[in-house]
Amino acid sequence: MLSQRERERYKRQILLFGEEGQEQLKKAEIFIAGAGGLGSPIAMYLAVAGVGTITIADMDVIDQSNLNRQILHFDRDIGKKKTVSAEEKLTAINPDITVRALDCRIDESNAAGLVGKADGIVDAMDNFATRYLLNDMAIARKIPLFHGAIRGFYGQVTTIIPGTTPCLKCIFPKPPPSEVFPVVGVTPGVIGTVQATEVLKYILKRGDLLSGRLFVWDGLAAKAEEIAVERDPGCSTCKTCTADNNLEGERS
């Protein structure tokens, strides 16, 4: 049940999807991989929306070069662990939610335990090795993976529903070369908020997810395009995963 304070806090949202929808958000748990450029707006908007439990994992320390885009962290936080800063800010933004900040590298030895009983995984990473691991975890748990990536003024988003949509390896069978890529802070702002919107739609069972579709943002041209993506029947990662009707998330 919602408290009176929560009813007041979420008053404008309750006009959209009622107290039942707000209670669905309160019951949900989302795992966010990364507390950086993408993780910052994603975590902040899920927190203010009232997602009940947010688990966020990162192993980095805040550096001054992070501050042009990682809006969870302030100048005074330089040298502090990103997880400590993230937990501080998210709890301050919304004290009515639970924030679990995990200071660790995500790898094969701990991924299952970190994801736990989450209802969905958000990819806010900057490398494909970890992204592929998150993809494997989503398929194993039969929960959605909300993928996002950025470079410069450009970004992309898709929502992966195991057994129904292409998995990340279907779409990107080979990782791009590793690099220190350029980025301007507005780009993770755009892409992160699209990812957060996908999470909310999935929990609320409203709207059409970006499933089977890759949303591509060109900030320089102020244009968004959509690319249809298909499952690879030869994909060794997702070929054994069967569709679960409860995961489709396509609701009117």
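The structure we're discussing is the one just above.
Please read all numbers here as calculations on a predicted model, not as lab measurements. (Residues numbered from 1 in each chain as written. Predicted model: local features only at pLDDT ≥ 70, side-chain atom pairs only at ≥ 80, totals over all residues. Heavy atoms only, no water.)

Observations concerning the pairing of strand β3 (residues 98-103)
Phase 1 of the analysis: With six bridges connecting them, strand β2 (residues 53-58) and β3 associate as parallel partners. Along β3, the bridge assignment pairs Ile54 with Val99.
Phase 2 of the analysis: Taken together, β2, helix α4 (residues 82-93) and β3 form a β-α-β motif whose crossover is right-handed. (Pairing = 2+ DSSP bridges. Helix = DSSP H or I, 4+ residues; strand = E, 2+ residues; numbered from the N terminus. Right-handed = clockwise from strand over helix to strand, strands pointing away.)

Concerning the side chain of Glu198
Phase 1 of the analysis: Relative to the assigned elements, Glu198 resides in helix α8 (residues 186-204).
Phase 2 of the analysis: With sequence-adjacent residues up to four places away left out, Glu198 is seen in contact with Phe146, Thr159, Asp208, Leu209 and Leu210. (Contact = heavy atoms within 4.5 Å.)

A closer look at the sheet that holds strand β1 (residues 29-33)
Phase 1 of the analysis: Taken in spatial order, the eight strands of this open sheet run β3-β2-β1-β4-β5-β6-β7-β8, and their pairing is mixed. The open sheet terminates on both sides in strands that have one partner only, identified here as β3 and β8 (223-228). Strand-to-strand, the axes of this sheet are offset by a mean angle of 15 degrees, without reference to chain direction.
Phase 2 of the analysis: Strands in contact with helix α6 (residues 128-141) are β1, β4 (120-123), β5 (145-151) and β6 (154-160); relative to β5, the strand with the most contacts, it is inclined by about 165 degrees. (Axes fitted to C-alpha atoms, helices over the stretch in contact; angles between N-to-C directions.)

Here we look at the nonpolar core
Phase 1 of the analysis: Grouped together as the largest cluster of nonpolar side chains are 39 residues, with contacts concentrated most on Ile30, Ile32, Leu46 and Val51.
Phase 2 of the analysis: Secondary structure elements with two or more residues in this core: α2 (11-27), β1, α3 (39-49), β2, α4, β5, α8 and β7 (213-218).
Phase 3 of the analysis: Top element by residues in this core is α8. It accounts for six residues.
Phase 4 of the analysis: The residues contacting Ile32, other than those within four sequence positions of it, are Gly39, Ile42, Ala43, Leu46, Ile54, Thr55, Ile56, Ala57, Val122 and Ala124. (Core = buried A, V, L, I, M, F, W, Y, C linked by side-chain atoms within 4.5 Å. Buried < 20%, exposed > 50% of the residue type's maximum accessible area, 1.4 Å probe, protein only.)

Overview of α4
Phase 1 of the analysis: For α4, spanning 12 residues, the distance from its first C-alpha to its last is 16 Å, which sits close to the expected 16 Å at 1.5 Å a residue.
Phase 2 of the analysis: Of the surrounding secondary structure, the elements contacted by the buried residues of α4 are α3, β2 and β3. (Expected span 1.5 Å × (residues − 1).)

Thoughts on the pattern of salt bridges
Phase 1 of the analysis: All chains considered together, the criterion is met by 14 salt bridges.
Phase 2 of the analysis: A salt bridge links Lys26 to Glu6, with the shortest nitrogen-to-oxygen separation between them at 2.9 Å. With Lys26 in helix α2 and Glu6 in helix α1 (residues 4-9), this pair connects stretches of sequence that are 20 residues apart.
Phase 3 of the analysis: With a relative accessible area of 32%, Lys26 lands in the partly exposed category.
Phase 4 of the analysis: We note a salt bridge from Glu226 to Arg213, for which the minimum N-O separation is 2.8 Å. Here Glu226, found in strand β8, pairs with Arg213, found in strand β7; they are 13 residues apart in sequence, far enough to count as distant.
Phase 5 of the analysis: Within the structure, one salt-bridge network assembled from shared partners comprises Asp77, Lys80, Glu88 and Lys89. (Salt bridge = Lys/Arg side-chain N within 4 Å of Asp/Glu carboxyl O.)

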